Amino acid sequence: LQDPPAFTVRPKEEYFQEVGRELVIPCVAQGDPPPTVTWVKVGSVGKSSAQVDGNSSLVLHPLIKEQHGVWECTATNQVASVTTATSVHVLGTSPHAVTNVSVLPLLLAANISWEPGFDGGYFQRFSVWYTPLVRFPPRAHHDWVSLSVPAGAQHLLVENLQPDTSYQFSVLAQNKLGSGPFSQIVTSVPRGKGSSLNTPPKCFHSGNSHSHLVSIHLFSGFPVTTVPPEPPAMTVHIFLSPPRALRANESVRGVVLGWDPPARASVAPSGYALELRQDKGGWEVLESSIPPTDTQLLVPGLIKDAFYEFRLVAFAGSYISDPSNTVNVSTAGMEVYPSRTQLPELLPQPVLAGLIGGICFLSVAVIFSTMAACIMNRRRAARLRKRRR
């Protein structure tokens, strides 16, 4: 008789490891005939970057953000196939995208709720982004507005919306390392004063090219308020050109990006935001508050032997420019990977602290030496006067 596969060594339920390090997860099975052990990431599209060693263990090296999630180990022979699963938590990354974004239309308002993604090992905050679908070409996508969400909350009431106007909503998560990807966009139409409460709310999901009705769930924890209608706002055409000539240079301290300010604009930019993507993945916001006077930046948090793409956008209030040109950076062979953004012309904080401390010590020493010299001179003068007498 032949035996189906049976696990002799199972992986633990959860594994936690820092990004960029190595994670080895064991999985051993036996049977007759001997089974073949394979690993796959649940929900992955296409070929996953999984490596399996001679002991059927999953080897993730270097560990990257995209390997966060549930992994399944499957043992198969001619008799049967058995599967066990484990969760991999990649620490030290920006947050993952929120899921299950839902919009509840209200009177001239909307309640947005969502389920948080993994926080990357740090405390994360959320912001809700929205824009009306009434557009004024040619630069219609620059009027997204963002609202900060109170710490710990997973829903937000957006007020002062125009009635019977379609709005798009998206949610962004941020932690100390930067921003995660935006959630899928949900389209909804707030109620007007003449709308019947028995009329089904209009809410469409625009994650693909075919919008379709999605279910709306009422939550008792949502605040519901009546918002008076706002007078129609005047349409102001804002022209904001992107930063120019984005370029990358390698220095002893890491990758330094430089750029030229926008050539022309109807309004001066109030800052820049740096976006990156790794290995052709999704674009993420790495630094969202670069001062408008800066034209260079030391890129934070890169990992070794990786391929990155960078682009820069300018913003003025809620208006955002088109992206700049894209520059490609490979960190193969590099040794310095700063943990945070720094201006390249500034000294590192430890060196700067040591320099300031040394200056303070020398200043105190000079002051004490001067005081001691004065005291000694006075005593010497006093002794001379006594001898003359």
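Residues numbered from 1 in each chain as written. Predicted model: local features only at pLDDT ≥ 70, side-chain atom pairs only at ≥ 80, totals over all residues. Heavy atoms only, no water.

By the naming in an unreviewed UniProt entry, the protein is TUTLA protein, taken from Erithacus rubecula.

**Let's talk about the sheet that holds strand E9 (residues 81–91)**
What counts here: Between any two strands, pairing holds if DSSP finds at least two bridges. Only DSSP runs of H or I covering at least 4 residues are called helices, and only runs of E covering at least 2 are called strands; the numbering of each starts at the N terminus. Fitting a line to C-alpha atoms yields each axis, with helices limited to the stretch in contact; the angle taken between N-to-C directions then spans 0 to 180 degrees.
Here we have 4 strands laid out as an open sheet, ordered E2-E9-E8-E5, and mixed in their pairing. Here the strands that pair on one side only, and so sit at the sheet edges, are strand E2 (14–18) and strand E5 (36–41). Neighbour-to-neighbour, the strand axes of the sheet open up by a mean angle of 25 degrees, direction not taken into account. Pairing geometry for strand E8 (residues 69–76) and E9, over 8 bridges, is antiparallel. Looking at the pairing, Val70 lines up with Ser87 of E9.

**Comments concerning the packing of aromatic side chains**
The geometry of an aromatic ring pair is captured by two quantities: the separation of the ring centres and the angle between the planes. So the rule is basically this: Two rings from Phe, Tyr or Trp (for Trp, the six-membered ring) form a pair when their centres sit within 6.5 Å of each other. Planes less than 30 degrees apart are called stacked, planes more than 60 degrees apart edge-to-face, and all others tilted.
Evaluation of the coordinates by the stated rule reveals 7 aromatic pairs. In this structure an aromatic cluster arises from ring pairing among Tyr130, Tyr167 and Phe169.

**What about the sheet that holds strand E20 (residues 244–251)?**
Taken in spatial order, the 3 strands of this open sheet run E20-E21-E24, and their pairing is antiparallel. With one partner strand each, in any of the chains shown, E20 and strand E24 (296–298) form the two edges of the open sheet. Adjacent strand axes in the sheet meet at a mean angle of 20 degrees when their direction is disregarded. Both E20 and strand E21 (residues 254–260) contribute to a ladder of 6 bridges, which runs antiparallel. Bridging across to E21, Arg247 finds its partner in Gly258.

**Considering the side chain of Ser127**
Under the convention used in this document: Polar contact is defined as a pair of N or O atoms within 3.5 Å, subject to the rule that within protein one atom must be able to donate a hydrogen and the other to accept it, and that residues adjacent in sequence are counted only when both atoms are side-chain atoms.
Summarising the element assignment, Ser127 is placed in strand E12 (residues 125–132). A polar atom in the side chain of Ser127 sits 3.0 Å from the side chain of Trp129.

**Concerning a positive patch on the surface**
Rule in force here: Any residue with relative accessible area above 30% and no salt bridge may belong to a patch, with like charges joined within 9 Å and the nonpolar Val, Leu, Ile, Met, Phe, Trp and Tyr side chains within 5 Å. For every accessible area listed, the method is Shrake-Rupley and the probe measures 1.4 Å; residues are considered covered only by the protein chains on display. Here a salt bridge means any side-chain nitrogen of Lys or Arg lying within 4 Å of a carboxyl oxygen belonging to Asp or Glu. Positive charge is attributed to Lys and Arg, negative charge to Asp and Glu, and no charge count is given to His or to the chain ends. All charge positions are set by atom: Lys at NZ, Arg at CZ, Asp at CG, Glu at CD.
The grouping of Arg379, Arg380, Arg383 and Arg387 at the surface amounts to a positive patch. With respect to the secondary-structure elements, Arg380 resides in helix H1 (residues 349–388).

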